[in-house]
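Topology and contacts: notes
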Amino acid sequence: MIRLCQRPGASCGACCGLYNSRDHGREAVRAELTRRTLVLRRTEPTLPAFRAAAARLAAGGPAPLFPSVRVCPLLGFLDAAETRIGCLAHPLVTGGPDLRDAGVYDVTICESFLCPSHAWLSEEEAALTELATADFHLYGLVVTDVPFLRAALGAVAALTGARVERRHLTRPAFREALTRLLALKEELEPGSEGLFGAFKPGLGGDEVPRRIDYQAIDRERSPWDEILTCVGADPHSGNDLDLMEEEVRRRLDACAAAFTPLLVRRE
Ligand code: SF4
Ligand code: SF4
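These figures come from a predicted structure and were not determined experimentally. (Residues numbered from 1 in each chain as written. Chains lettered and ligands numbered in written order. Predicted model: local features only at pLDDT ≥ 70, side-chain atom pairs only at ≥ 80, totals over all residues. Heavy atoms only, no water.)

Within the protein chain one finds 11 helices and 6 strands. Going through the 267 residues of the protein chain one by one, you find that 45% of them count as buried. Counting every atom, the protein chain has about 13,200 Å² of accessible surface; 56% of that belongs to carbon and sulfur. (Helix = DSSP H or I, 4+ residues; strand = E, 2+ residues; numbered from the N terminus. Buried < 20%, exposed > 50% of the residue type's maximum accessible area, 1.4 Å probe, protein only. Areas by Shrake-Rupley, 256 points an atom, 1.4 Å probe, with all protein chains shown as cover.)

The structure is reproduced here in structure tokens:
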């Protein structure tokens with residue numbers, strides 16, 4: 001079984017509610033994680049103290065975008081440099097007691113839950129994501145959106161004629177170009193829900209599949225429909241479809257341009 005939550009170069013907290021707020025941009029997410037971390041670092045590592053702190057943190061946190069998806073106030077930064085996120089109630093972090101019962105689930109659920117990406121992604125795809133994102137914000141957005149990742153890697157492969165492999169990311173120019181392509185997930189218009197992948201919040205807060213209705217806007221289906229759908233580039237999402245399509249094209253071209261010299265060198 002591959003491990004996705006804590007990898008040497010990246011960490012994720014999506015299932016703890018990391019992105020479930022109206023402003024899920026990098027700085028807003030960072031600010032909320034910092035707020036929690038500062039409080040929990042000063043909290044006595046006992047269940048009653050963590051429960052009280054969790055209640056205060058939850059009351060002072062941003063409202064969830066998907067009300068049916070829980071947001072755990074015990075997710076925070078694991079390091080002083082704020083590069084790695086994780087559960088601040090985990091025994092490896094508290095130094096002994098397991099305080100995850102103070103969160104929005106309980107120890108059993110937290111310990112056993114693995115998101116569907118664990119079953120779908122190969123180790124190669126996970127490693128590519130880790131290398132290309134390596135970050136507390138972007139990694140979780142991409143590793144939990146398998147259709148987006150595969151569509152992006154597939155589009156690069158279609159342009160270059162070669163499957164993207166780990167060794168290609170040793171070339172900084174290509175790695176940076178691929179990071180820029182994947183970073184489409186975190187550069188959407190404010191208020192857009194595209195970062196949740198090919199889903200949008202329904203009336204009851206449930207996830208509803210998203211699709212771009214080309215007929216309604218009198219347009220041909222984009223050759224990058226899957227990427228555009230995953231980033232929410234439909235006219236109702238708050239994003240401009242034409243601008244997003246151009247951006248996808250530009251970033252793919254940059255990947256192809258940075259990839260080619262590597263192919264030439266191998267011949
Ligand atoms: S969303 Fe998946 S990869 Fe991310 S922390 Fe949860 S189980 Fe791990
Ligand atoms: S207690 Fe559970 S839900 Fe909360 S941050 Fe820890 S692992 Fe995530």
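Having put the structure on the table, let's press on.
A few words on the site of ligand 2. If you check the shell around ligand 2, you find Cys 16, Cys 72, Leu 74, Leu 75, Cys 87, Arg 100, Tyr 105 and Cys 110 and nothing else. The residue makeup of the shell around ligand 2, split by class, is 7 nonpolar, no polar and 1 charged. (Near = heavy atom within 4 Å. Nonpolar A, V, L, I, M, F, W, Y, C, P; charged D, E, K, R; others polar.)

With respect to the element layout, Glu 130 can be found in helix 6 (residues 123-133). At a separation of 2.7 Å, a polar atom in the side chain of Glu 130 contacts the side chain of Arg 7. Among all residues touching Glu 130, those that are not within four sequence positions of it are Arg 7, Pro 8, Gly 9, Ala 10 and Tyr 139. (Polar contact = N/O pair within 3.5 Å; in protein donor to acceptor, adjacent residues only side chain to side chain. Contact = heavy atoms within 4.5 Å.)

Of all residues in the protein chain, 87% have pLDDT values of 70 or greater, and the mean over the chain is 88. Scored below 50 in pLDDT, residues 263-267 shows 5 contacts in the model against residues more than four places distant or in partner chains. (pLDDT = per-residue confidence, 0-100.)

This paragraph deals with unusual backbone geometry. Of note in the backbone geometry, Glu 82 takes a positive phi value of approximately 60° without being a glycine. Position of Glu 82 relative to the elements: it lies in the loop between strand 3 (75-77) and strand 4 (85-87). In this structure, Asp 218 takes a positive phi of about 55° despite not being glycine. Within the secondary structure, Asp 218 is located in the loop between strand 6 (207-209) and helix 10 (225-230).

Close approach of charged atoms lets side chains of opposite charge pair. Counted under the stated rule, the structure contains 20 salt bridges. Across the pair Arg 7 and Glu 130 runs a salt bridge whose closest N-O atoms are separated by 2.7 Å. Of the two residues, Arg 7 sits in strand 1 (residues 6-7) while Glu 130 sits in helix 6, which places them 123 residues apart along the sequence. Side by side, Arg 7 and Glu 130 carry an identical accessibility label, which is buried. Through salt bridges with shared partners, a single ionic network connects Arg 7, Glu 123 and Glu 130. (Salt bridge = Lys/Arg side-chain N within 4 Å of Asp/Glu carboxyl O.)

Let's shift gears to helix 2 (residues 47-60). Here helix 2 is 14 residues long and its end C-alpha atoms lie 20 Å apart, about the 20 Å a rise of 1.5 Å per residue gives. Three or more residues of helix 2 are buried, namely Ala 49, Phe 50, Ala 53, Ala 54 and Leu 57. Projection of helix 2 onto a plane perpendicular to its axis shows the buried side chains occupying an angular sector of 130°, all on one side. Exposed residues on helix 2 whose side chains face more than 90 degrees from its buried face are Pro 48, Arg 56 and Ala 59. Contacts made by the buried residues of helix 2 are with helix 1 (26-41). Its side-chain oxygen 3.3 Å from the backbone nitrogen of Ala 49, Thr 46 forms the N-cap of helix 2. (Expected span 1.5 Å × (residues − 1). Arc of directions from axis to C-beta.)

Relative to the elements of secondary structure, Arg 56 occurs in helix 2. Taking relative accessible area as the criterion, Arg 56 reaches 56% and is therefore assigned exposed.

It is worth spelling out the side chain of Ser 21 at this point. Among the structural elements, Ser 21 can be located in the loop between strand 2 (10-11) and helix 1. Those residues in contact with Ser 21 that lie beyond four places of it in its chain are Pro 62, Ala 63, Pro 64 and Leu 65.

Most of helix 6 sits out of view: 8 of its 11 residues are buried. Three or more residues of helix 6 are buried, namely Glu 125, Ala 126, Ala 127, Leu 128, Thr 129, Glu 130, Ala 132 and Thr 133. Structurally, helix 6 contributes buried residues whose contacts are with strand 1, strand 2, helix 5 (117-120), helix 7 (138-143), helix 8 (146-160) and helix 9 (172-182). Positive phi shows up at Ala 134, right after helix 6, with a value of about 45°.

This next bit is on the nonpolar core. Within the largest apolar cluster, 54 residues are counted, with the highest numbers of intra-cluster contacts made by Phe 174 and Leu 178. For this core, the secondary structure elements donating two or more residues are helix 1, strand 3, helix 6, helix 7, helix 8, helix 9, helix 10 and helix 11 (241-266). In terms of residues, this core owes the most to one element, helix 8, which gives 8 residues. Residues contacting Phe 174, with those up to four places away along its chain left out, are Val 156, Val 164, His 168, Leu 169, Cys 255, Ala 258 and Phe 259. The next biggest cluster of nonpolar side chains, apart from the first, holds 11 residues, and it includes Ala 53, Leu 74, Ala 89 and Leu 99. (Core = buried A, V, L, I, M, F, W, Y, C linked by side-chain atoms within 4.5 Å.)

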